[in-house]
Amino acid sequence: MSLLVVGLSHRSAPVSVLERASLSADAQSKLLQDTVAAEPAAEAAVLATCNRIELYADVDKFHAGVAELSTLLAQHSGVGLEELTPYLYVHYEDRAVHHLFSVACGLDSMVVGEGQILGQIKDSLARAQELHTAGRLMNDLFQQSLRVGKRAHSETGIDRAGQSLVTFGLEQLARGTDVQSWVRGKKALVIGAGSMSSLAAATLARAGVAEVVVANRTFHRAERLARILTEADDTDVMARAVPMESVPQELTRADVAVSCTGATGLVLTAEAVATAVEGRTGAPVAFDEEPPADVVTPLPPTSVGTDEGCPLDLSAVQQPGFSVMGEAAVAGMDAATLEQHAAWVDNATVDRRTAARRSPEAEAELITALAATVATVGRIPERRRPEPVTVPVRPEPVLFLLDLAMPRDVDAAAHRLAGVRLVDIESLAEASADAPMAADVDQVRRIVSDEVAAFGAAQRAAHITPTVVALRAMAADVVASEIARLDGRLPGLDDRHRAEITQTVRRVVDKLLHAPTVRVKQLAAEPGGAGYADALRTLFDLDPETVASVSRAEDSTEKNPENRGPA
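Residues numbered from 1 in each chain as written. Predicted model: local features only at pLDDT ≥ 70, side-chain atom pairs only at ≥ 80, totals over all residues. Heavy atoms only, no water.

**Points about the overall build of the protein**
Just so we agree on the cut-off: Helix and strand definitions here come from DSSP, where helices need a minimum of 4 consecutive H or I residues and strands a minimum of 2 consecutive E residues; each element is numbered from the N-terminal end. Should any heavy atoms of two residues lie within 4.5 Å, those residues are counted as being in contact. Each accessible area value is a Shrake-Rupley result obtained with a 1.4 Å probe; residue values ignore everything except the protein chains displayed when judging cover.
Counting secondary structure elements, the protein contains 23 helices and 10 strands. In the protein, of all internal contacts separated by at least 6 residues, the share reaching a separation of at least 24 is 73%. For the protein, the exposed surface amounts to about 28500 Å²; the carbon and sulfur share of it is 52%.

Written as structure tokens, this is what we have:
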């Protein structure tokens, strides 16, 4: 069996695709169950965040596993396989381990070094354990990734390379201003009470906001978060909970709003945001209208005969840079007028009264002549250029919105609302592309490489453990059989002597097996050491079913949530 991961993230897919492919908690559970029910996979785990959707599985066939996992991701995300495939990446065996360890350390995050991912990995493992889809490999892999992530944060300065999405988002809202100075005294609205929303609320409280209002669909969770904020020793913020129905009213009072819910639709429409801003300012809020790229501003009116005697009314053309090189430029213009302008360009004169009496055939000839003139001079020159467009100054924002949800909570149209500054996942992705990376990143990469090698060695060594256990069990059976045979031949043997003989025989067997079993574990841990288990089974004629039963017993223990190791 081998580790395989198929997924997509902010590095491989645009935000619009990630948004559509996001998985609800129920969808993640169903995906896990369907994955382990599929033929190539024995166990599975899903890591789904606002920046990534990854499906990990222990598979027995690489190509079949890739095909099955990709199909399952497409089915449960609702994005067609054909559309999803160009954005998927695949990692196998050691590369898959390296990928998850890098993710756990924050190297693959939108903001390098952020620590949010550790909690999300822990939640992913807990979900897989609860659904009994995590066996020995998934438990070992995810628990070790948590240890690697914690080691990276404790032994290096990776935290200095970046920060959480919440902090980074607030920095983008503040636009260069110190976040604590910027938020101090402001009123904040936090929509949602999950891990990201809780972090946002705590970050705002520690930064010095005057008030935090928490809104959530499940009201008691909002109350719990508000109570935690109020009772925290490191803040003195006022916090209260409100039902979701109160969001429009609270948005009118808020200076900053952070939203991160699991809703599948918009939580804040552009109209709702506009209404909130109007409630604050008392004035109507307009959208910033930007003309599409293919719309051009028409030339201002120009009178015939003005501008050095130009005979053509350019306002009738409604095209900047008027030229007869395109059909649109001459549409509706009669040949006589065009000829008159062409003659003017060529410093000639034309009797318009004569030209007006020309037949259609003559007009065709004039158009041909005009084309020849244009080929010589290039174009009919503009006699008046468009006036420069004055861009109105956008008013300073009175409402700051941070949308950390995927799919988005806040209507993207709010970007164009005057008086609003919106930062969402898409704008965060653009801003983080140029974020500097700390020198500690190289140190973290070395840690990841070392840990991947150690994990691979441990897994290869663990692969031979069932064979070693089966060998020792067989040796114990041989000892028991020989002691029983001795009892038959020496029925008068007292208990003290029988115990001494039994212990002596067991010591001999243990000493004979100790060096080979220790050495075979060391050899199996090296690259290419998987064949030593087969050699051991062949040399000692071990029953394959006995070895398999040991493996099943270990997997059963790993899948039992009550036997989880510490994370």
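From this point, the discussion proceeds with the structure in view.
**Overview of the pairing of strand β7 (residues 238–243)**
For clarity, the threshold we go by: The pairing criterion for strands is at least two bridges between them, as found by DSSP. By the criterion used throughout, a crossover qualifies as right-handed when its path from the first strand across the helix to the second strand runs clockwise, the strands pointing away from the viewer.
Pairing geometry for strand β6 (residues 211–216) and β7, over six bridges, is parallel. Looking at the pairing, Asn216 lines up with Pro243 of β7. In this fold, β6 hands off to helix α11 (residues 219–231), which returns the chain to β7; that crossover is right-handed.

**Focus on the packing of helix α5 (residues 94–104) against helix α20 (residues 440–489)**
Rule in force here: Angles shown run from 0 to 180 degrees and are taken between the N-to-C directions of axes, each axis being a line fitted to C-alpha atoms and, for helices, limited to the stretch in contact. These descriptions rest on fixed angle ranges, namely under 35 degrees for roughly parallel, over 145 for roughly antiparallel, 65 to 115 for roughly perpendicular, and the rest for oblique. In this scheme the handedness of a crossing depends on how the near helix is turned from the far one: anticlockwise by less than a right angle means left-handed, clockwise means right-handed. When residues are grouped by polarity, Ala, Val, Leu, Ile, Met, Phe, Trp, Tyr, Cys and Pro land in nonpolar, Asp, Glu, Lys and Arg in charged, and all others, Gly among them, in polar.
The interhelical angle for the contact between α5 and α20, taken along N-to-C directions, is 135°, at an axis separation of 9 Å. For the element pair α5 / α20, the angle class is oblique. Helix-helix and strand crossings are classified by hand; for α5 and α20 the assignment is right-handed. Contact residues: α5 offers Asp94, Val97, His98, Phe101 and Ser102, while α20 offers Val448, Ser449, Glu451, Val452 and Phe455. Its residues assigned to classes, the contact of α5 with α20 comprises five nonpolar, three polar and two charged.

**A short note on the packing of aromatic side chains**
Spelled out, the test is: Side-chain rings of Phe, Tyr and Trp, where Trp is taken by its six-membered ring, are said to pair if the distance between their centres is within 6.5 Å; with planes under 30 degrees apart they count as stacked, over 60 as edge-to-face, and otherwise as tilted. Buried residues are those whose accessible area, probed at 1.4 Å on protein chains only, stays under 20% of the maximum for their type, while exposed residues exceed 50% and partly exposed ones sit between those limits.
The final tally for this structure, using the stated rule, is four aromatic pairs. Measuring from centroid to centroid gives 5.4 Å for Tyr56 and Phe142, while their planes differ by 80°, and the two rings are edge-to-face. Placement of the pair is Tyr56 in strand β3 (residues 52–59) and Phe142 in helix α7 (residues 136–155), with a sequence separation of 86 residues. Residue class for Tyr56 comes out buried when judged on its relative accessible area of 0%. Measuring from ring centre to ring centre gives 5.9 Å for Phe101 and Phe455, while their planes differ by 80°; the resulting arrangement is edge-to-face. Residue Phe101 is located in helix α5, and its partner Phe455 is located in helix α20; the two are separated by 354 residues in the primary sequence.

**A short note on the side chain of Arg421**
Stated precisely, the cut-off is as follows: For this count, His and the chain ends are skipped, Lys and Arg are scored as positive, and Asp and Glu as negative. A carboxyl oxygen of Asp or Glu within 4 Å of a side-chain nitrogen of Lys or Arg is what we treat as a salt bridge. Two N or O atoms form a polar contact when they lie within 3.5 Å of each other; inside protein one atom must be a possible hydrogen donor and the other a possible acceptor, and for residues adjacent in sequence the pair counts only when both atoms belong to side chains.
With respect to the helices, strands and loops of the structure, Arg421 is situated in strand β10 (residues 420–423). No salt bridge is formed by the buried Arg421, whose closest oppositely charged neighbour, Glu396, lies at an N-O distance of 4.7 Å. Separated by 2.6 Å, the side chain of Arg421 and the backbone oxygen of Leu173 make a polar contact. With near-sequence residues (within four places) excluded, Arg421 lies in contact with Gln172, Leu173, Ala174, Arg175, Pro397, Leu399, Phe400 and Leu401.

**Looking at the pattern of salt bridges**
Enumeration according to the criterion identifies 21 salt bridges in this entry. For Asp108, the salt bridge identified is with Arg11, shortest N-O distance 2.9 Å. With Asp108 in the loop between α5 and α6 (116–130) and Arg11 in the loop between β1 (2–9) and α1 (15–21), this residue pair connects regions lying 97 residues apart in the sequence. For the salt bridge of Arg52 with Asp108, the shortest nitrogen-to-oxygen distance reads 2.8 Å. Note that Arg52 is positioned in strand β3 and Asp108 in the loop between α5 and α6, a separation of 56 residues in sequence. Looking at Arg52, the relative accessible area reads 2%, which means it is buried. In the salt-bridge network here, residues are joined through shared partners; they are Arg11, Arg52, Glu54 and Asp108.

**What to know about the sheet that holds strand β8 (residues 256–259)**
Within a sheet, adjacent strands bond to each other through the backbone by hydrogen bonds, running parallel or antiparallel. Spatial ordering of the open sheet is given by β7-β6-β5-β8-β9-β10, a layout of six strands whose pairing is parallel. The sheet is open, and its two borders are formed by β7 and β10, each paired with just one other strand. The average angle at which neighbouring strand axes cross in this sheet is 15°, direction not considered. Pairing analysis gives five bridges linking strand β5 (residues 187–191) to β6, with the strands arranged parallel. The partner of Leu189 across the bridge, within β6, is Val213. The strands that α11 touches are β6 and β7; relative to β7, the one it contacts most, it runs at about 175°.

**Looking at the nonpolar core**
Put simply, the rule is: Residues grouped as a nonpolar core are buried Ala, Val, Leu, Ile, Met, Phe, Trp, Tyr and Cys residues, joined through side-chain atoms within 4.5 Å.
Leu84, Leu229 and Leu404 are the most contacted members of the largest nonpolar core, which has 69 residues in total. Residue contributions to this core peak at eight residues, all from helix α10 (residues 195–207). With residues up to four places along the chain from it excluded, the contact list for Leu229 reads Ala201, Ala202, Ala205, Val212, Val214, Thr235, Val237 and Ala239. Counting 34 residues, the second-largest nonpolar core is a separate cluster that includes Val5, Phe101, Ala128 and Val148.

**Considerations on the side chain of Ser259**
Mapped onto the secondary structure, Ser259 falls in strand β8. Since its relative accessible area comes to 1%, Ser259 is described here as buried. Setting aside residues no more than four positions away along its own chain, Ser259 makes contact with Ile191, Val267, Leu402, Asp403, Leu404, Ala405 and Asp409.

**A short note on the sheet that holds strand β4 (residues 89–92)**
Here we have four strands laid out as an open sheet, ordered β2-β3-β1-β4, and antiparallel in their pairing. Each of the sheet's edge strands pairs with one partner strand only, and the pair in question is β2 (41–48) and β4. Each adjacent strand pair in this sheet contributes to an overall mean axis angle of 15°, direction not counted. Here eight bridges tie β1 to β3, and the two strands are oriented antiparallel to one another.

**So, unusual backbone geometry**
Residue Pro407 follows Met406 across a cis peptide bond; omega there is 5°. In this fold, Pro407 is placed in the loop between β9 (399–403) and β10. Unusually for a residue other than glycine, Glu93 sits at a positive phi of about 50°. Note on placement: Glu93 falls in the loop between β4 and α5. We note that His132 has phi near 60°; this positive angle belongs to a residue other than glycine. For His132, the location among the structural elements is in the loop between α6 and α7.

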